[in-house]
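# Coordinates in review
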Amino acid sequence: MTTDCQHSEHCRELFAKLSEYLDRELDVKTRQEIERHVETCIKCNACLETLKRTIEICRHVKNEPIPELLSERLKKMLEEAVGSV
Amino acid sequence: MTPPRKLPKKQDRDYELVQAINSGQRNLFHSLVKRYEAKLYNFGFRMCGDSRDAEDLVQETFLNVFRYLNNFRYETKFKNWLYRIASSVCIKKRRKSKYAPEKELSLEDFIPSDENAAPREIPDWASVPLDRLLDEELSGTIRDAIVDLPEKYRLVVVLRDLEGFGTEETAQILNISPSNVKVRLHRARLFLRDALKSYFNHDD
């Protein structure tokens, strides 16, 4: 596994909270602590931005069209299920 | 785990349809299928990475919904209950096909040990406008990386970041604590971030 956030204990501590920070699930104090930290720590800022971009890419994964025969299969299955009730 | 609060039924867009079906209009079940077949197929495809398995998942999920809908008591939204069934189908399928214990992802795996590997600035792929990156190849890369995740992490990241459920909802669907959802989600995202880093570095 490649790594890129090697630094102080403080960095490690904040590294564990970056997802919660991006999801706005942290208390104000911790959130501000992270914001202050990434202003001066280039590596943590890069970690944060790459993680943020990863989430954005996931959120933009396109939907697959459903196979033509799936609806037919489901319809048939339901008819059988209803018939057996 | 504390039991989830009972939601007001009017907040559930499926309430009326589910009520009608449970009142005896079983023929309306096909409307429920129509409403969710594409969503569930995509959930299955993201979880299994395979069209045929995704189709089986949809079929098995709806069959279970059909059997147990009468027992649904609105402790959660219908959609969350549906995904709980679909997630259980996924987990059972895996247990049937593989006996090896699932790999754990540790935060330490993602914490840097080599100072030289640390980036000195934000890489291009994280700073250029998103629409300049999104293409079929990248979609394929992220889909493959998701399938490579151990299942318990994959379920969480798919529900949270691809299907759009919140932390609490995901916890309810998977019957785990919200803090467990957060831990798994962070590790899953770090795993995917590493996959993207490799993809973009290779691209340079």
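For the structure, check the block above.
Residues numbered from 1 in each chain as written. Chains lettered and ligands numbered in written order. Predicted model: local features only at pLDDT ≥ 70, side-chain atom pairs only at ≥ 80, totals over all residues. Heavy atoms only, no water.

### Looking at the overall build of chain B
Selection rule: Each helix is a run of H or I in the DSSP string that is no shorter than four residues. Each strand is a run of E no shorter than two, and both are numbered from the N terminus. Summary of the burial criterion: residues with accessible area below 20% of their type's maximum are buried, those above 50% are exposed, and those between are partly exposed, where the area comes from a 1.4 Å probe applied to protein chains only. For this analysis, residues touch if any pair of their heavy atoms sits within 4.5 Å. Here, Shrake-Rupley sampling with a 1.4 Å probe gives the accessible areas, and only protein chains in the shown set may cover a residue.
For chain B, the helix and strand inventory stands at nine helices and zero strands. Each helix and strand of chain B, placed in order from N terminus to C terminus, yields the pattern α-α-α-α-α-α-α-α-α. Burial statistics for chain B: of 204 residues in total, 49% are counted as buried. For chain B, the share of sequence-separated contacts (at least 6 apart) that also reach a separation of at least 24 residues comes to 70%. For chain B, the exposed area adds up to about 10,500 Å²; of that, 47% sits on carbon and sulfur atoms.

### Here we look at the interface of chain B and chain A
Keep this limit in mind: A quick way to say it: buried area is the sum, across both parts, of accessible area lost when two parts are put together, with a 1.4 Å probe. One speaks of a salt bridge when a side-chain nitrogen belonging to Lys or Arg is within 4 Å of a carboxyl oxygen belonging to Asp or Glu. Whenever a nitrogen or oxygen atom comes within 3.5 Å of another N or O atom, the pair is scored as a polar contact, on the condition that within protein one atom can donate a hydrogen and the other can accept it, and that pairs from neighbouring residues in sequence are kept only if both atoms are in side chains.
Facing 62 residues of chain B, the contacting portion of chain A comprises 47 residues. Here chain B packs against chain A, burying approximately 5,200 Å² in sum over the two surfaces, 62% of which is carbon and sulfur. Counting across the interface, chain B meets chain A through eight salt bridges. Linking B:Lys182 and A:Glu20 is a salt bridge whose minimum nitrogen-to-oxygen distance equals 3.9 Å. In this structure, the connection of chain B to chain A is made through 18 residue pairs in polar contact (both at pLDDT 80 or more).

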